[in-house]
Amino acid sequence: MTIILKSASQLEKMRVAGKLASEVLDILTPLVKPGITTEELNQAAHTYMTEVQGTIPATLDYRGFPKSICTSINHVVCHGIPGNKKLKKGDIINIDVTVIKDGYHGDTSRMFEVGEIKPFAARLCKVAYECLWKGIAQVKPQATLFEVAAAIEQHAHAHHCSVVHEYCGHGIGQSFHEEPQVLHYAADELKEIILKPGMTFTIEPMINLGKLDVKLLGDNWTVVTKDRSLSAQWEHTLAVTKTGYEVFTLRPGETPLY
Ligand code: MF3
Ligand code: CO
Ligand code: CO
């Protein structure tokens, strides 16, 4: 069990990769409209990454994943595969982008509303976003990942939502997924993971309107809620600094919520 601490020059590369990942979501934002297919979003992202940014789409061929982004609609929790499905008014969709630049990864996802959405769907997206920032707010040297997870879980439960257990955030750097595993629920094992300056990881809670149980579809990627309730997720890549944290994947104008 080894958590790789990054040097100042490595952190600078993570900063660049994080900003580029966030910019992919920025260019997709105006395209997320009723009628567009998730494959068209994938194509737009792929072209922007490879031809404009000079980044590598980290998900493409990652353990056999066939596309350059993940698109997870409504009751899809994560790892949805872009395809011919058209977005329709009232959908909520998570788009998850991971780029590699100069050998380092930036990983971020956001929720998007397709046209006008139902108040309960908007509420779930808001609670999930708050969960992400409740977790981030705990990040500082000597804190543990238990505090991060407990803050997320408490907030979700306070709003009668559940937290997915099977998938988690992760250390990130020259590898897409490295140690530690960043669970989003208060598991005792997290008390042993003490945060140190130079650690880099993602926080990416998956929050369900119904029960926490999930199942994997036959394509071996798409994860859905067992009860078909809506699920929402937001993700940032961050570093632990001397005094707290630095988020590498902020969107323009985004500031800490707490
Ligand atoms: N970007 C996802 C994460 O946040 C991982 C996607 S792996 C894939 O960790 F293979 F599904 F693309
Ligand atoms: Co991630
Ligand atoms: Co991601």
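(A) Highlighting the coordination of the cobalt ion (ligand 2). Within the first shell, the cobalt ion (ligand 2) binds the protein through D107 (OD), H170 (NE2), E204 (OE) and E235 (OE), at distances of 2.0 to 2.2 Å. What the six donor atoms of the cobalt ion (ligand 2) show is an angle range of 51 to 161 degrees at the metal, which sorts the shape as irregular. All donors of the cobalt ion (ligand 2) belong to a single chain; written as a sequence motif, their spacing is D-x62-H-x33-E-x30-E. Between the cobalt ion (ligand 2) and the cobalt ion (ligand 3), the interatomic distance is 3.3 Å, and D107 donates to each metal, bridging them. One end of the pair, D107, is in strand β5 (residues 104-113); the other, H170, is in strand β7 (residues 169-171), with 63 residues separating them in the sequence.

(B) Looking closely at the sheet that holds strand β3 (residues 76-78). Taken in spatial order, the three strands line up as β3-β12-β11 in an open sheet, and their pairing is antiparallel. Taken across any chain shown, the strands that pair with only one partner, and hence form the sheet edges, are β3 and β11 (214-216). Neighbour to neighbour, the strand axes of the sheet diverge by 40 degrees on average, direction disregarded. Pairing of β3 with strand β12 (residues 223-225), which is carried by two bridges, proceeds in the antiparallel orientation. Considered in β12, the bridge of V76 is made with V224.

(C) Structural context of the packing of helix α1 (residues 8-28) against helix α2 (residues 38-53). Where α1 contacts α2, the axes come no closer than 10 Å and their chain directions differ by 135 degrees. Classed by the angle they form, the pair α1 and α2 counts as oblique. In this structure, the crossing between α1 and α2 has a hand that is right-handed. Residues L20, E23, V24, I27 and L28 of α1 form the contact with α2, whose participating residues are L41, A44, A45, Y48, M49 and Q53. Residue classes in the contact of α1 with α2 are distributed as nine nonpolar, one polar and one charged.

(D) Fine view of the coordination of the cobalt ion (ligand 3). At 2.0 to 2.4 Å from the cobalt ion (ligand 3) lie its protein donor atoms, namely D96 (OD), D96 (OD), D107 (OD) and E235 (OE). The site at the cobalt ion (ligand 3) holds six donor atoms, and with the angles between them running 58 to 166 degrees, its shape is irregular. Mapped onto the polypeptide sequence, the residues donating to the cobalt ion (ligand 3) form the spacing pattern D-x10-D-x127-E. With a relative accessible area of 10%, D96 lands in the buried category.

(E) Looking closely at empty space enclosed by the protein. Within the structure shown, the criterion is met by one cavity of 30 Å³ or more. Lining the largest cavity we find T108, S109, R110, Y129, L132, W234, E235, H236, R251 and E254. Put simply, the parts of the chain that give the lining of the largest cavity at least two residues each are β5 and α3 (119-136). In terms of residue count, β5 provides more of the lining of the largest cavity than any other element does, three residues in total.

(F) Inspection of the pairing of strand β14 (residues 236-240) at higher detail. When you tally the buried positions in β14, you get five out of five residues, the bulk of the element. Burial of the side chains of β14 extends over both faces: H236, L238 and V240 are buried on one face and T237 and A239 on the other. Across four bridges, the pairing between strand β9 (residues 200-203) and β14 is antiparallel. Bridged to I203 within β14 is H236. The pairing of β14 with strand β15 (residues 245-247) spans three bridges and is antiparallel. Bridging from a neighbouring strand, V240 pairs with Y245 of β15. What sits between β14 and β15 in their antiparallel hairpin is a turn of four residues.

(G) Looking closely at the sheet that holds strand β6 (residues 162-163). Read across the open sheet, the three strands follow the order β6-β10-β13; overall the sheet is antiparallel. On the outer flanks of this sheet lie β6 and β13 (231-233), each paired with one strand and no other. Of the pairings in the sheet, the one linking strand β10 (residues 206-208) to β13 comprises three bridges and is antiparallel in character. Pairing of N208 across the sheet is with S231, part of β13.

Thresholds, definitions, all that
Per chain, residues are indexed from 1 in the order of the written sequence. To read the labels, note that chains go from A and ligands from 1, taken in the order they are written. In view of the model being predicted, local features appear only for residues whose pLDDT reaches at least 70, and side-chain atom pairs are presented and counted only at 80 or more, with totals across whole chains, interfaces and linings using the full set of residues. The basis for the side-chain values is all heavy atoms of the structure; hydrogens and waters are excluded. Excluding water, the donors of a metal are its N, O and S neighbours within 2.8 Å, or within 3.2 Å for Na, K and Ca, and that exclusion means sites may look incomplete. Every angle between 85 and 135 degrees makes a four-donor site tetrahedral, while opposite donors more than 155 degrees apart, with all other angles between 65 and 115, make a four-donor site square planar and a six-donor site octahedral; other sites are irregular. Working definition: helices are DSSP H or I runs of at least four residues, strands are E runs of at least two. Numbering for both runs from the N terminus. By definition, two strands form a pair when at least two bridges between them are found by DSSP. Note on definitions: angles span 0 to 180 degrees between N-to-C directions of axes, and those axes are lines fitted to C-alpha atoms, for helices only across the stretch in contact. Under this scheme an angle from 65 to 115 degrees is roughly perpendicular, one under 35 degrees roughly parallel, and one over 145 degrees roughly antiparallel; angles in between are oblique. Crossings are classed by handedness, with left-handed meaning an anticlockwise turn of the near helix from the far one by less than a right angle and right-handed meaning a clockwise turn. Whether two residues are in contact is decided by their heavy atoms: any pair within 4.5 Å suffices. Charged residues are taken to be Asp, Glu, Lys and Arg, nonpolar residues to be Ala, Val, Leu, Ile, Met, Phe, Trp, Tyr, Cys and Pro, and polar residues to be all remaining types, Gly included. Think of it in three bands: residues with accessible area under 20% of the maximum for their type are buried, residues over 50% are exposed, and the middle band is partly exposed, with areas taken using a 1.4 Å probe on protein chains only. Of the two site types, the cavity is a set of points on a 1 Å grid over the protein atoms alone where a 1.4 Å probe fits but cannot get out, and the pocket is an open set with protein on both sides within 12 Å along at least five of seven lines, each lined by residues with an atom within 4 Å of a point. Grid points are joined across faces, edges and corners, and a volume is the space filled by probe spheres set on the points.

Nothing here speaks to function; it is all geometry.
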